[in-house]
Amino acid sequence: MRNWLIKLFGKKINWFQPGRNTEHVAELPEIFRDLTIYIVGQYDQPWVIAFKCPCGCNSVIQLNLLEGARPCWDYHISLKGKVSIFPSVRRTKGCNSHFFVKKGKIDWVGPRK
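Criteria and cut-off values
- By convention here, each chain's residues receive numbers from 1 onward along its written sequence.
- Note on the predicted model: pLDDT of at least 70 is required for a residue's local features to be given, and 80 or more for side-chain atom pairs to be given and counted; whole-chain, interface and lining totals, by contrast, use all residues.
- Each side-chain value is derived from all of the structure's non-hydrogen atoms; neither hydrogens nor water enter the calculation.
- Starting at the N terminus, helices and strands are each numbered in turn, a helix being any DSSP run of H or I of at least four residues and a strand any DSSP run of E of at least two.
- Polar contact criterion, stated in full: a pair of N or O atoms within 3.5 Å, where within protein one must be able to donate a hydrogen and the other to accept it, and residues adjacent in sequence count only if both atoms are side-chain atoms.
- Whenever a carboxyl oxygen of Asp or Glu lies within 4 Å of a side-chain nitrogen of Lys or Arg, that contact is scored as a salt bridge.
- Per-residue accessibility, obtained with a 1.4 Å probe over protein chains only, is compared with the maximum for each type, and a residue is labelled buried under 20%, exposed over 50%, and partly exposed between these values.

Engineer: Give me the lowdown on the environment of Asp-107, citing residues and values where you can.
Structural biologist: With respect to the helices, strands and loops of the structure, Asp-107 is situated in strand S8 (residues 105-108). Between the alpha carbons of Asp-107 and Ser-88 there is a distance of 9.3 Å; along the sequence they are 19 residues apart. There is a polar contact of 3.3 Å between the side chain of Asp-107 and the side chain of Lys-102.

So this is what it looks like as structure tokens:
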């Protein structure tokens, strides 16, 4: 049935995914929880966003937020506490996933498991 839904809705299958939670932390956690996006650093000066790869490979993705370094990402948290990350996330190793994070949901662009 899932394949039928993917054919019918394409990328819109993400409507059925649970959203990711956002958590501010001072340091990278030792254990990463599923469906949690960690914003690491002080509230006014975060330096990295980290989360488990949504493809299920269990790799931890760390995205730089420091403007002086490249590559660099930015984020926005909605009034409902859901995070959007831009630009897209494209893994060049491992699973090679390519996706956007929009309001806590994954919008797939490229390969995934």
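Engineer: Which residues make up the pattern of salt bridges, and what values do they have?
Structural biologist: Throughout the structure, instances matching the rule amount to 3 salt bridges. For Arg-33, the salt bridge identified is with Glu-23, shortest N-O distance 2.3 Å. Placement of Arg-33 in the loop between strand S1 (21-25) and strand S2 (36-42) and of Glu-23 in strand S1 is noted, with a sequence separation of 10 residues between them. With its nearest N and O atoms 2.8 Å apart, the salt bridge here joins Asp-34 to Lys-52. Taken together, the positions of Asp-34 in the loop between S1 and S2 and Lys-52 in strand S3 (residues 45-52) put the pair 18 residues apart, joining distant regions of the chain. Owing to a relative accessible area of 23%, Lys-52 belongs among the partly exposed residues under this scheme.

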